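# Summary of structural features
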Amino acid sequence: MENKKFYITTPIYYPSANFHIGHCYTTIIADAIARFKRLQGYDVFFLTGTDEHGLKIENKAKEVNKTPKEYVDEIVLDAKDLWKSLGISYDKFIRTTDDYHVKAVSNIFNKLYEKGDIYKGYYEGLYCTPCESFWTSKDLIDGCCPDCHREVKKVKEEAYFFKLSKYEDRIRKLLDNKDFLLPESRKNEMINNFLDKGLDDLCVSRTSFTWGIPVSFDKSHVVYVWLDALTNYLTALGYETGDDDSLFKKYWPCDLHLVGKEIVRFHAIIWPAILMALDLPFPKQIFAHGWLKINGEKISKSLGNYKDPREYINTYGVDAVRYFALREVPFGNDGSFDEEYLKQRRNTDLCNTLGNLLNRTIAMTYKYFDGVITNTKVNEDIDKDLIDSVTSLKEIVENDMSKYNVSLALEDIFNVLKACNKYIDDTMPWNLAKLSNYDRLQTVLYNILESIRICSIYLSAFIPDTSKAIFKQLNTDKTTYDTTSKFGYLEDNHKLGDGSILFERI
Ligand code: MSP
């Protein structure tokens, strides 16, 4: 039987400056979800990329005397390097300047025009350059852009429009589907702030700059960046590219668009309307996460309040950064990024709870049994409790991950690791050795190591390098997901690998 498919996307990022920890946050979460699905046996397609057109990029490039393409090429190179350092396991990286995408967007625009869902008119209104967004006066907050709170400019020009208003009722119905947009609070926001105010048709072309995809039948216009950007989710799979579209046939509709809360409107209202106009099925789910903040403010390129994420990776290690991003912020809410918290999380959870547990257990196994373990299967109540909590973890983690609650999933895994530490304190293996109670000592050490093995399989989705290092120290190839539901896969007379410190204390 073919594996079930899972198509997951991150937003495509603006390469207007090098990426910061906020971009890493979205991407690390998407990566953990993708890895977890792969672990469960899904056939996963994980897409990320860059959104390279628009006035903002054109201006940025001018400032440094580069062509827009030269400008974004450098940033994309750096972004790919950053994703590599973070162990991001994407299957495809799309750039909106890729030839196939340019061709497909042009085809999609023509298709919608021929269908009558795009028409020519006049645009008179307000434009926010940093957000590449058009607004009406009723959208503004204190006369400024409702997203970034900066000034908007009045513009009037000939333009093409997309008949967004035509799809209002269908979008309302779609949002009523309780699984479509999560968390639930975002759905109410969309209904109150946008649908209830009425949807205007959307301006989808510009003539005031050239860095974009030309409208093929009216070359003075370029396609509005959001139409260009949103369709990446289709074109990356080969839709309307004129090439092989087997990926599109296999993976569309998308299972999960992961997006930040400020771009929900584009994904939950505009994007489904475009898909309706194209007669295509909708994505199954959109999940909006919150922001990472520094001193209460969004970390952002325009505020410049951040360090290169590689500095954190170099100081604390890649898995500490991943762990922090995945664990610290309750999913869907905003959270604080503070280097001090990152250090603390690393020291308490990774170094103490996980690292020391493995290290002292391996050290004792070497000290008392020359590194060889055996499962005596003679279990007392205290052992059975531990074994129960390890084997019931599967259902718990699966339930957390089915809601994309990565932070809770990690908390639940670490609760079991904490239970292992408590088990050591309660069973006191060093005392068993003193009393020459070697059978019992074997049992205790086996139970801890087997618990660590099972936890590490789950952890491979979140902190993959650490998980690999643990398997090496356990010297085991019993690392597949199907070996998590039963206790006892480490063999009798199994010799462990060499122990070494997983996380030096910082
Ligand atoms: N190019 C558009 C997306 C088009 S998708 C078809 C865009 N790019 S962006 O670079 O500005 O932002 C991309 C993603 O990064 C958004 O989901 C945004 O929420 C996320 N983040 C940027 N800064 C962030 C934080 N400080 N914290 C968490 N995520 C944030 O929007």
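A few words now on the overall build of the protein. Helix and strand counts for the protein come out as 19 helices and 17 strands. Since a compact globule built from 506 residues should have a radius of gyration of about 23 Å, the 26 Å found for the protein is in line with a globular shape. Evaluated residue by residue, the protein yields a buried proportion of 59% over its 506 residues. Nonlocal contacts in the protein, meaning residues at least 24 apart in sequence, comprise 78% of its contacts between residues at least 6 apart.

Around the ligand there are 27 residues in total, and Ile-12, Asp-51, Gly-260, Glu-262 and Leu-292 lie nearest to it. Separating a nitrogen atom of the ligand from a backbone N or O atom of Gly-22 is a distance of 3.3 Å. One of the backbone nitrogen or oxygen atoms of Gly-260 is found 2.8 Å away from an oxygen atom of the ligand. For the ligand, the accessible surface in isolation is 660 Å², of which the surrounding protein chains cover 96%. One can see that the ligand is located within the largest pocket. Those elements giving two or more residues to the shell around the ligand turn out to be α1 (21-39), α7 (225-230), α8 (232-235) and β11 (256-260). Among the elements that line the shell around the ligand, the one with the most residues is α1, at four residues.

Below, the discussion takes up the side chain of Ser-467. Within the secondary structure, Ser-467 sits in helix α19 (residues 464-474). On the accessibility criterion, Ser-467 (2% relative accessible area) is buried. Excluding anything up to four places from it in sequence, Ser-467 contacts Ser-456, Leu-459 and Ser-460.

Moving on, we come to the sheet that holds strand β2 (residues 43-50). Pairing in this open sheet of six strands is parallel, and the strands run β3-β2-β1-β11-β12-β7 from one edge to the other. Taken across any chain shown, the strands that pair with only one partner, and hence form the sheet edges, are β3 (92-95) and β7 (181-182). In the sheet, β2 pairs with β3 via four bridges, with the strands oriented parallel. Bridge pairing in β3 places Gly-49 opposite Ile-94.

Here the structure, examined in full by the defined rule, presents 40 salt bridges. Arg-310 is paired through a salt bridge with Asp-81; the nearest N and O atoms lie 2.7 Å apart. Linking Arg-310 in helix α11 (residues 309-316) with Asp-81 in helix α3 (residues 68-85), this pair joins segments that are 229 residues apart in sequence. According to the relative accessible area criterion, Asp-81 is partly exposed, its value standing at 39%. Across the pair Arg-172 and Asp-196 runs a salt bridge, and its minimum N-O distance is 3.0 Å. With Arg-172 in helix α5 (residues 168-176) and Asp-196 in the loop between α6 (184-195) and β8 (202-203), this residue pair connects regions lying 24 residues apart in the sequence. Owing to a relative accessible area of 48%, Asp-196 belongs among the partly exposed residues under this scheme. Each of Glu-52, Lys-69, Asp-73 and Arg-95 takes part in a single network of salt bridges with overlapping partners.

Here is what the cut-offs are and how they apply
- Residues numbered from 1 in each chain as written.
- Predicted model: local features only at pLDDT ≥ 70, side-chain atom pairs only at ≥ 80, totals over all residues.
- Heavy atoms only, no water.
- Helix = DSSP H or I, 4+ residues; strand = E, 2+ residues; numbered from the N terminus.
- Rg over C-alpha atoms; globule rule 2.2 N^0.38 Å.
- Buried < 20%, exposed > 50% of the residue type's maximum accessible area, 1.4 Å probe, protein only.
- Contact = heavy atoms within 4.5 Å.
- Near = heavy atom within 4 Å.
- Polar contact = N/O pair within 3.5 Å; in protein donor to acceptor, adjacent residues only side chain to side chain.
- Areas by Shrake-Rupley, 256 points an atom, 1.4 Å probe, with all protein chains shown as cover.
- 1 Å grid on protein atoms, 1.4 Å probe; cavity = no way out; pocket = protein on both sides within 12 Å on 5 of 7 lines; lining within 4 Å.
- Sits in = over half its atoms within 2 Å of the grid points.
- Pairing = 2+ DSSP bridges.
- Salt bridge = Lys/Arg side-chain N within 4 Å of Asp/Glu carboxyl O.

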